Amino acid sequence: MTSPSPIVTALTCRCPACGQGKLFKGFLSTRPRCDKCGLDYSAFDSGDGVAVFIILGAGFVVVFAALLVEVLYQPPFWLHAVLWLPLILIVTILPLRPMKALMIALQHRHKASEGRLEMRDGAP
């Protein structure tokens, strides 16, 4: 049996091994293991990398759009708040879960694990 596509499992937030079991028990907290195939999720750690990339990308898009609107239309500051605060929330919170699922699916696909030092020829 082949593993399902990491993109499909990320978009559906399913187990990267079987594509059936649920990956998350909360908004961003993973379950201990897959309820269908038993894959242990504790081996996967996406850390804060996903959030950092999303925030940097969203910041670039929103700041560029806000500057463009300011230069072209010069709206009042209250209109900037009405436009950009909801957009910031949308472009940062909505992609968090699927992107974390994608990171976990790619770790599973490429058998990523924690780095370890190997001893060769008795050298430390």
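The structure this text deals with has already been given above.
To keep things clear, this report deals only with the structure shown in the data block. (Residues numbered from 1 in each chain as written. Predicted model: local features only at pLDDT ≥ 70, side-chain atom pairs only at ≥ 80, totals over all residues. Heavy atoms only, no water.)

Right, let's talk about the overall build of the protein chain for a bit. Of regular secondary structure, the protein chain possesses 4 helices and 0 strands. Each helix and strand of the protein chain, ordered N terminal to C terminal, gives the series α-α-α-α. Relative to the globule expectation of 14 Å for 124 residues, the C-alpha radius of gyration of the protein chain, 20 Å, shows a markedly less compact shape. Projected onto the principal axes, the alpha-carbon positions of the protein chain cover approximately 65 × 45 × 25 Å. Within the span of the protein chain, comprising 124 residues, buried residues form 27% of the whole. Taking as baseline every contact in the protein chain between residues at least 6 positions apart, the subset at least 24 positions apart corresponds to 49%. (Helix = DSSP H or I, 4+ residues; strand = E, 2+ residues; numbered from the N terminus. Rg over C-alpha atoms; globule rule 2.2 N^0.38 Å. Buried < 20%, exposed > 50% of the residue type's maximum accessible area, 1.4 Å probe, protein only. Contact = heavy atoms within 4.5 Å.)

Judged by nonpolar contacts, the single largest core of 13 residues is most densely connected at Cys15, Leu23, Cys34, Leu39, Tyr41 and Ala101. Excluding residues that lie within four positions of it along the chain, Leu23 makes contacts with Cys13, Arg14, Pro16, Thr30, Arg31, Tyr41, Ala101 and Ile104. (Core = buried A, V, L, I, M, F, W, Y, C linked by side-chain atoms within 4.5 Å.)

Running from N to C, helix H2 (residues 49-73) and helix H4 (residues 96-109) point in directions that differ by 130°, and their axes come no closer than 9 Å. The pairing of H2 with H4 is recorded here as oblique in orientation. Pair H2 / H4 crosses with right-handed handedness. Two secondary-structure elements touch here, H2 through Val50, Ala51 and Ile54 and H4 through Leu96, Met99, Lys100 and Met103. (Axes fitted to C-alpha atoms, helices over the stretch in contact; angles between N-to-C directions. Parallel < 35°, antiparallel > 145°, perpendicular 65-115°, else oblique. Left-handed = near helix turned anticlockwise from the far one by under 90°.)

Next up on the list: the packing of H2 against helix H3 (residues 77-93). Helix-helix packing is described using two parameters, namely the angle between the two axes and the distance between the axes. Where H2 contacts H3, the axes come no closer than 10 Å and their chain directions differ by 160°. The angle between H2 and H3 places the two elements in the roughly antiparallel class. Relative to H3, the crossing made by H2 is right-handed. Listed contacts from H3 to Ile54, Ala58, Val62, Ala65, Ala66, Val69 and Glu70 of H2 are His80, Trp84, Leu87, Ile88, Val91 and Thr92. A breakdown of the residues in the contact of H2 with H3 according to their chemical character gives 10 nonpolar, 2 polar and 1 charged. (Nonpolar A, V, L, I, M, F, W, Y, C, P; charged D, E, K, R; others polar.)

What follows deals with H3. Taking 1.5 Å of rise per residue, the 17 residues of H3 would be expected to cover 24 Å, and the 24 Å separating its terminal C-alpha atoms lies within 8% of that figure. Among the residues of H3, His80, Trp84 and Thr92 are the ones counted as buried. On its buried side, H3 packs onto H2 and H4. (Expected span 1.5 Å × (residues − 1).)

Attention now moves to a nonpolar patch on the surface. Together, Phe64, Leu68, Val71, Leu72 and Tyr73 give the surface a local cluster of nonpolar side chains, amounting to about 590 Å² of exposed area. Along the chain, Val71 turns up in helix H2. (Patch = residues over 30% accessible without salt bridge, like charges linked within 9 Å, V, L, I, M, F, W, Y side chains within 5 Å. Areas by Shrake-Rupley, 256 points an atom, 1.4 Å probe, with all protein chains shown as cover. Salt bridge = Lys/Arg side-chain N within 4 Å of Asp/Glu carboxyl O.)

A few words on the state of the cysteines. A full pass over the atoms with the stated rule returns 0 disulfides. Not engaged in a disulfide, the cysteine Cys18 finds its nearest cysteine sulfur in Cys34; these two sulfurs lie 3.7 Å apart. Classification of Cys18 by relative accessible area gives buried; the value is 16%. (Disulfide = S-S within 2.5 Å.)

Before going further, it helps to examine the packing of aromatic side chains. Summed over the entire model, instances satisfying the criterion amount to 1 aromatic pair. Relative to Phe64, the ring of Phe60 has its centre 6.4 Å away and its plane inclined at 15°; by these criteria the two rings are stacked. Note that Phe60 and Phe64 are positioned in helix H2 at a spacing of 4 residues, about one turn of the helix. With a relative accessible area of 60%, Phe60 lands in the exposed category. Judged by its relative accessible area of 52%, Phe64 is exposed. (Phe/Tyr/Trp six-rings, centres within 6.5 Å; stacked < 30°, edge-to-face > 60°.)

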